[in-house]
Amino acid sequence: MEHVRTLECTLCGETYDPEQLVYTCSNHPSVQGILEVQYDYDVVRERFDEPLDGNIRDQWKYRAFLPVEEDAEPVTLQEGGTDLYDAPRLSDELGVEMRVKDDGRNPTGVLKDRATSVSVTKATHAGRDVVTCASTGNAAASLAGYAARGGLDCRIFVPGDAPEGKLAQPLVYGADVLAVRGSYDEAYDLSMEVTEEFGWYNRNAAINPFQVEGKRTVGHELAEQTRGDVPDWLVFSMGDGCTIYGGWKGFREFRDLGFVDEAPKMLGVQAEGARAIHDAYHEHDSTDDVANTLADSIAVGRPRNTLKAVKALNESGGTSVVVSDDEILRGEKTLGSAEGIYAEPAGAAPIAGIRKALSEGIIDEDESVLAVVTGYGLKDAKSAVEASGSATEIAAELDEVKQRYSP
Ligand SMILES: *Cc1c(COP(=O)(O)O)cnc(C)c1O
Ligand SMILES: [Zn+2]
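Quick caveat, the model's predicted, so the values are computed rather than measured. (Residues numbered from 1 in each chain as written. Chains lettered and ligands numbered in written order. Predicted model: local features only at pLDDT ≥ 70, side-chain atom pairs only at ≥ 80, totals over all residues. Heavy atoms only, no water.)

Okay, the overall build of the chain next. When helices and strands are tallied, the chain shows 14 helices and 13 strands. Projected onto the principal axes, the alpha-carbon positions of the chain cover approximately 75 × 50 × 45 Å. Considering the chain as a whole, with its 407 residues, one finds that 57% of them fall into the buried category. A total accessible area of about 17300 Å² is found for the chain, and carbon and sulfur atoms account for 44% of it. Taking the average place of the 39 positive charges on the side chains of the chain and the average place of its 72 negative ones, the gap between the two points comes to 2 Å. (Helix = DSSP H or I, 4+ residues; strand = E, 2+ residues; numbered from the N terminus. Buried < 20%, exposed > 50% of the residue type's maximum accessible area, 1.4 Å probe, protein only. Areas by Shrake-Rupley, 256 points an atom, 1.4 Å probe, with all protein chains shown as cover. Lys, Arg positive; Asp, Glu negative; His and termini not counted. Charge placed at Lys NZ, Arg CZ, Asp CG, Glu CD.)

On to the packing of aromatic side chains, then. Summed over all chains, the structure comprises ten aromatic pairs. Considering the side-chain rings of Phe65 and Phe254, the 5.4 Å spacing of their centres and the 50 degrees angle between planes classify their relative orientation as tilted. Of the two residues, Phe65 sits in the loop between helix 1 (41-47) and strand 4 (84-86) while Phe254 sits in helix 8 (residues 242-256), which places them 189 residues apart along the sequence. Note on accessibility: Phe65 and Phe254 belong to one class, buried. (Phe/Tyr/Trp six-rings, centres within 6.5 Å; stacked < 30°, edge-to-face > 60°.)

Let us now look at the sheet that holds strand 4. One open sheet accounts for six strands, arranged 4-5-13-10-11-12; its pairing is mixed. With one partner strand each, in any of the chains shown, strand 4 and strand 12 (319-323) form the two edges of the open sheet. Averaged over all pairs of adjacent strands, the angle between their axes in this sheet comes to 25 degrees, without regard to strand direction. Bridge count for strand 11 (residues 265-271) against strand 12 is five bridges, and the pairing is parallel. Of the residues in strand 12, the one forming a bridge with Gly268 is Ser320. (Pairing = 2+ DSSP bridges. Axes fitted to C-alpha atoms, helices over the stretch in contact; angles between N-to-C directions.)

Take the site of ligand 1 next. Around ligand 1 lies a shell of 17 residues, among which Lys112, Asp240, Gly241, Thr243 and Thr374 are the nearest. Lys112 is positioned such that a nitrogen or oxygen atom in its side chain is 2.5 Å from an oxygen atom of ligand 1. Taking Gly239, its main chain carries an N or O atom lying 2.8 Å from an oxygen atom of ligand 1. A total of 380 Å² of accessible area belongs to ligand 1 in isolation, and the protein chains cover 96% of it. Grouping the constituent residues of the shell around ligand 1 by class yields five nonpolar, eight polar and four charged. (Near = heavy atom within 4 Å. Polar contact = N/O pair within 3.5 Å; in protein donor to acceptor, adjacent residues only side chain to side chain. Nonpolar A, V, L, I, M, F, W, Y, C, P; charged D, E, K, R; others polar.)

This paragraph deals with the coordination of the zinc ion (ligand 2). Protein-derived ligands of the zinc ion (ligand 2) are Cys9 (SG), Cys12 (SG), Cys25 (SG) and His28 (NE2), with the metal-ligand distances lying across 2.1 to 2.3 Å. Every donor counted, the four donor atoms about the zinc ion (ligand 2) form angles of 104 to 113 degrees at the centre, which fits tetrahedral coordination. One chain supplies every donor for the zinc ion (ligand 2), spaced along it as C-x2-C-x12-C-x2-H. Note that Cys9 is positioned in strand 1 (residues 4-9) and His28 in the loop between strand 2 (15-16) and strand 3 (35-39), a separation of 19 residues in sequence. Comparing Cys9 with His28 shows no difference in burial state: the two are buried. (Donors = N, O, S within 2.8 Å, 3.2 Å for Na, K, Ca; no water. Tetrahedral: all angles 85-135°; square planar, octahedral: opposite > 155°, others 65-115°.)

Within strand 10 (residues 233-237), five of the five residues are buried, leaving the element largely enclosed by the surrounding structure. Residues Trp233, Val235 and Ser237 of strand 10 are buried on one face, and the alternating residues Leu234 and Phe236, pointing to the opposite face, are buried as well. Across five bridges, the pairing between strand 10 and strand 11 is parallel. Bridge pairing links Trp233 to Lys265 in strand 11. Taken together, strand 10, helix 8 and strand 11 constitute a β-α-β crossover, and its handedness is right-handed. Here strand 10 pairs with strand 13 (residues 368-373) via three bridges, running parallel. Paired with Val235 across the bridge in strand 13 is Ala371. (Right-handed = clockwise from strand over helix to strand, strands pointing away.)

Turning our eyes to something else, we now look at the side chain of His220. Take His220: it is sitting in helix 7 (residues 211-225). His220 gets classed as buried once you look at its relative accessible area, which sits at 0%. Apart from residues lying up to four places away in sequence, His220 is in contact with Tyr62, Phe65, Gly250, Phe251, Glu253 and Phe254. (Contact = heavy atoms within 4.5 Å.)

As assigned here, the chain comprises domain 1 (1-47) and domain 2 (84-109 + 211-388). Here the C-alpha centre of domain 2 lies 26 Å away from the C-alpha centre of domain 1. Listed by partner, the interface residues are eleven residues for domain 1 and twelve residues for domain 2. At the boundary of domain 1 with domain 2, total buried surface from both sides reaches about 1000 Å², with 52% on carbon and sulfur atoms. Ranking the residues of domain 1 by area buried against domain 2 places Glu36, Tyr41 and Arg45 at the top, with a combined share of 44%. Put simply, domain 1 and domain 2 have two salt bridges between them. (Domains from an automatic or database assignment. Buried area = accessible area lost by both parts, 1.4 Å probe. Salt bridge = Lys/Arg side-chain N within 4 Å of Asp/Glu carboxyl O.)

So, about unusual backbone geometry. Of note in this structure, Gln78 is not a glycine but carries a positive phi near 65 degrees. Of note in the backbone geometry, Glu283 takes a positive phi value of approximately 55 degrees without being a glycine. Its location among the elements puts Glu283 in the loop between helix 9 (276-281) and helix 10 (306-316).

Here's what the structure looks like:
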């Protein structure tokens, strides 16, 4: 990987050989010593000769930016290349010019597929035949899907009380789903122990330094798709914080290389019941590290990528807001009914965050805003019903319909 210079600790600056699979910096006993991949952009630039014409079949258009070996064969389901929509009715609803990028339309229904494709490609190239992660939902389903695609065994650790619905998808993809008697944190710790014991390739987003790198392609695509009309604000929800940083890093790279003139301000959105990044950014004292929100994909009590997320907010001149579960559900309903875009709660949280930021004067109504939907609505039908109410029951008789619709 001539284009990858080094893995650098975000805390102390220690560097590691990118050819070795090192997960975290050994100078710190805690998991905060997250490593970041640093590139040689002269090499990247030499290799990247794609036209920036908005034609994006999938994220491998940006292969020159991805930390995979030159001879690696991508394990792909055509992730990325998602559409960017104008959103005129949503703009009217919110009172600000809106566009939406729907990354719920990825192969397993989630933006994480960008990262999973990169890490399963790396695992396969390294000759690994088992991949693992700890998760309650989307990361597990994504990993299981790509493991199936790449012919790898997949072993997933979930807390014992994980909802049945979120487990169906990885089971269909053929993964071993191991329900740990204990909390998510215990499942996470066990997955780390197991990785050490058996040497399985670990996709845990927070600690695998290559994970976030695949998420940069959403930023590359956004830069390419908005050339000449870069939004003032780019909005993501935040759980562990890797997604917003990936999106920012990708956009920033394209700006720094001169592919696009400017970069947007990043707005990060968290749930009121899982707000540790927001509190860190605003230097509030954070006391509660137990997550409590129905937006399960961002229900993270102790985010492991707070540093990177805060860096995205700082470098871009952005900020963060928190929203309630009711506001998130309202956002899900607004997005679906105004534009036909169906998001799971974490995917709709940006809409709630934009409302909040407008009301707090963070976003000005003259500015333009782009929301990234990170996950597909069908993953969580239960909260969709909470957002919209149930169907109206009627008898199988014309009169019933007449009563409702005749003038
Ligand atoms: C994982 C996830 C997020 C949050 O990503 P982080 O990297 O944990 O901040 C947001 N939305 C959806 C749908 C997700 O699956
Ligand atoms: Zn370190």
